[in-house]
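Structural overview for review
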Amino acid sequence: MPPEIQLDLFGLFTPASGVHKSPPNGPAPSSFFPPAGDTAASSEIVYVRSPRARHYRLTLRRDGSAVVTIPSRGSEREARRFAADHADWLARARARQEKKPRAATTWGVGTRILWRGEMTAVRVAHESTAERPAVAIGADNIGAPGIFRVASLASDLRPTLEAHFLRIAKVELPARTWELAAETRVPVTRVTVRNQRTRWGSCTADGIISLNWRLVQAPVFVRDYIIYHELMHLREMNHSARFWARVAEVCPWWRDAERWIKQNGGLLGL
């Protein structure tokens, strides 16, 4: 592929420095629809001018829209031509996207969701009563993390369960980050857990790491990879060969984790 061309299905392998994310979360774009007959896309294409971009880049978002990033010296005309030249890639990317599993929009008893890396059905907990309804995800042991109180078994359980997951994440993810920071001897100043819609994690040059609460739904090896990824960014704030070498030293399974993210990120809405 020529150096001036960048194609990115979900942004998983070419994230911005210090960020591990899914679709790009850039500045407010300048967007328009291609004219009739344009073969570059059958739905919206968003054109974004980036002063930091060095090349034209075509990205497919998870909602099916495409983004063409225009470098500082680029033109709208060339961006349109770039999109048209790579219409076949975009069509193939959309076809792959349609085959990927997606999470259910609403959750009820019987809905299968991702929890601790496993697809598990939400079911009524043994301790559930009419006065104190509860659902189980995974092992149905009283007091276990997989038992969650809900307001009603008949309503959409997703908001309540995600609130429970967030509370668990705010305890588990910082604790694990501090543990791995000590292991790798990387200085960290603060760890936050957030409700990012496009990023798995990010960090700042002054040692603040932010993690997506949905990592508690992912397998442990994926969770740890994202943490290692951000820790290594505190040594190399880029995605150079040297950065990936550092990642490989502390997390030799990183390619397996990236593969899981690429295949299953949609189950977490990323």
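Predicted, not measured: the structure shown is a model, and the values here were computed from it.

With respect to the overall build of the protein
A tally of regular secondary structure across the protein gives 6 helices and 14 strands. Across the 270 residues in the protein, those meeting the buried criterion constitute 51%. A separation threshold of at least 6 residues defines the contact pool for the protein, and within that pool the share at least 24 residues apart is 53%. Summed over its atoms, the accessible surface of the protein is roughly 13600 Å², and 52% of this surface lies on carbon and sulfur atoms.

Some remarks on helix α3 (residues 158–184)
With 27 residues, α3 should cover 39 Å at 1.5 Å per step; its first-to-last C-alpha distance of 36 Å lies within 8% of that length. Along α3, the helix axis deviates most sharply at Ala169, where the bend reaches about 30°. Looking at the residues trailing α3, positive phi occurs at Arg185, about 60°.

Things to note about the packing of aromatic side chains
The geometry of an aromatic ring pair is captured by two quantities: the separation of the ring centres and the angle between the planes. The final tally for this structure, using the stated rule, is 9 aromatic pairs. Where Phe165 meets Trp213, the ring centres are 6.4 Å apart and the plane angle is 45°; that geometry is what we call tilted. Pair noted here: Phe165 is in helix α3 and Trp213 is in the loop between β14 (208–212) and α4 (220–233), with a separation of 48 residues, a long-range link. Arranged with centres 4.5 Å apart and planes meeting at 25°, the rings of Trp244 and Trp254 form a pair that is stacked.

Describing the environment of Arg235
Here Arg235 lies in the loop between α4 and α5 (241–250). It is 7.7 Å that separates the C-alpha atoms of Arg235 and Val186, two residues lying 49 residues apart in sequence. Apart from residues no more than four positions distant in its own chain, Arg235 is found in contact with Thr184, Arg185, Val186 and Arg246. Of the polar contacts made by the side chain of Arg235, one reaches the backbone oxygen of Thr184; its length is 3.0 Å.

Considerations on a nonpolar patch on the surface
Residues Val109, Val124 and Leu153 make up a contiguous nonpolar surface patch of roughly 200 Å² in combined accessible area. Looking at the secondary structure, you find Val124 in strand β9 (residues 123–124).

A word on the pairing of strand β13 (residues 199–203)
Look at any regular strand and the pattern is simple: side chains alternate between the two faces of the sheet. Burial analysis of β13 places 4 of its 5 residues in the buried class, which makes it a mostly covered element. Linking β13 to β14, which pair antiparallel, is a turn of 4 residues; within it Gly207 sits at a positive phi near 90°.

Looking at the pairing of strand β4 (residues 45–49)
When you tally the buried positions in β4, you get 4 out of 5 residues, the bulk of the element. One ladder, built from 5 bridges, connects β4 with strand β6 (residues 66–70); its direction is parallel. Note on β6: the bridge partner recorded for Tyr47 is Val68.

So, the packing of α3 against α4
The geometry of α3 relative to α4 is characterised by a closest axis approach of 10 Å and an angle of 55° between their N-to-C directions. Accordingly, the angle class assigned to the pair α3 and α4 is oblique. For the crossing formed where α3 meets α4, the hand is right-handed. Each of Leu173, Arg176, Thr177, Leu180, Ala181, Glu183 and Thr184 in α3 lies in contact with α4, whose residues at this interface are Arg223, Asp224, Ile227, Tyr228, Leu231 and Met232. A class-by-class count of the residues in the contact of α3 with α4 yields 7 nonpolar, 2 polar and 4 charged.

Digging into the nonpolar core
Formed by 46 residues in total, the largest nonpolar core has its most connected members in Leu161, Phe165, Tyr225 and Leu231. Elements supplying a minimum of two residues to this core: β7 (112–115), α3, β12 (190–194), β13, β14, α4, α5 and α6 (254–264). Dropping the residues within four chain positions of it, Phe165 is found in contact with Trp107, Ile113, Trp115, Ile137, Phe148, Trp213, Val216 and Gln217. Of all hydrophobic cores here, the second largest spans 14 residues; its members include Leu58, Ala66, Ala79 and Phe82.

Structural notes on the side chain of Gln217
Along the chain, Gln217 falls in the loop between β14 and α4. A polar atom in the side chain of Gln217 sits 2.7 Å from the backbone oxygen of Leu114.

Conventions adopted
Residues numbered from 1 in each chain as written. Predicted model: local features only at pLDDT ≥ 70, side-chain atom pairs only at ≥ 80, totals over all residues. Heavy atoms only, no water. Helix = DSSP H or I, 4+ residues; strand = E, 2+ residues; numbered from the N terminus. Buried < 20%, exposed > 50% of the residue type's maximum accessible area, 1.4 Å probe, protein only. Contact = heavy atoms within 4.5 Å. Areas by Shrake-Rupley, 256 points an atom, 1.4 Å probe, with all protein chains shown as cover. Expected span 1.5 Å × (residues − 1). Bend = angle between axes of the 7 residues up to and from the residue. Phe/Tyr/Trp six-rings, centres within 6.5 Å; stacked < 30°, edge-to-face > 60°. Polar contact = N/O pair within 3.5 Å; in protein donor to acceptor, adjacent residues only side chain to side chain. Patch = residues over 30% accessible without salt bridge, like charges linked within 9 Å, V, L, I, M, F, W, Y side chains within 5 Å. Salt bridge = Lys/Arg side-chain N within 4 Å of Asp/Glu carboxyl O. Pairing = 2+ DSSP bridges. Axes fitted to C-alpha atoms, helices over the stretch in contact; angles between N-to-C directions. Parallel < 35°, antiparallel > 145°, perpendicular 65-115°, else oblique. Left-handed = near helix turned anticlockwise from the far one by under 90°. Nonpolar A, V, L, I, M, F, W, Y, C, P; charged D, E, K, R; others polar. Core = buried A, V, L, I, M, F, W, Y, C linked by side-chain atoms within 4.5 Å.

Honestly, that's just the spatial picture; any functional story needs more than this.
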